[in-house]
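Chain residues, written in single-letter form:
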Amino acid sequence: MSKPYTLPKPLRTFEDPVTRAVVHQLLGHAEPSVSLYFTQPTWTADGRHFLFLRKSPDRAINYWCVDPDGQERQLTHFPVTPDLPKYAQWMHRKKLAEECERFSFLWPAIHPTLPVIVFPLQGDIYELNVATGACQKLFAFDRRVCEQGFFAVYQQFTADGQHLIFST
């Protein structure tokens, strides 16, 4: 049985002139925002917080949420990595380096019952309580396995939320 999700108070609501669908605009910031990867839920398990990523003018990508009252709130405050080049090569494409560095932010592990996510950054694994904003480092990989420019970690909670599994 799925949990009910409560739509946060939207910034604005309007009817699409072509489809006549009702649109609830949640985000209203000038900086680019992006939802989590399509295979990831964008809501915490309690259905109260809508998660997304936002890039600040200084190129730092961080987690944000929309709370039930419709307020946007920055959850992480990781600065841009010093001396990060403008572009990085990924496979056959040139991509913005900050997007490659924080690529794994797109698929955090979402705890099945608590408003908690787990995500990697620069070889470390962090736990973030979305309700309180408390963020702590859980684990640090040996730097010899994560010294590449593009380091992806995949993490997942077990169904009961008791264990966290991750792989590189």
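Residues numbered from 1 in each chain as written. Predicted model: local features only at pLDDT ≥ 70, side-chain atom pairs only at ≥ 80, totals over all residues. Heavy atoms only, no water.

1. Considerations on the pairing of strand S11 (residues 124–129)
Examined bridge by bridge, strand S10 (residues 116–121) and S11 share six bridges and lie antiparallel to one another. In the sheet register, Val-116 faces S11, and the bridge partner there is Asn-129. Count of turn residues in the S10/S11 antiparallel hairpin: two residues, of which Gln-122 carries a positive phi of about 50°. In the sheet, S11 pairs with strand S12 (residues 135–140) via five bridges, with the strands oriented antiparallel. Paired with Leu-128 across the strands is Cys-135, a residue of S12. As consecutive antiparallel partners, S11 and S12 are separated by five residues, and within that stretch Gly-133 has a phi angle of approximately 85°, a positive value. (Pairing = 2+ DSSP bridges. Helix = DSSP H or I, 4+ residues; strand = E, 2+ residues; numbered from the N terminus.)

2. Structural notes on unusual backbone geometry
Phi at Arg-59 is positive, roughly 85°, even though this residue is not glycine. Structurally, Arg-59 can be placed in the loop between strand S4 (50–55) and strand S5 (61–66). Classification of Arg-59 as partly exposed rests on a relative accessible area of 21%. Residue Asp-83 is not a glycine yet carries a positive backbone phi of 60°. Within the secondary structure, Asp-83 sits in the loop between strand S6 (72–74) and strand S7 (87–90). (Buried < 20%, exposed > 50% of the residue type's maximum accessible area, 1.4 Å probe, protein only.)

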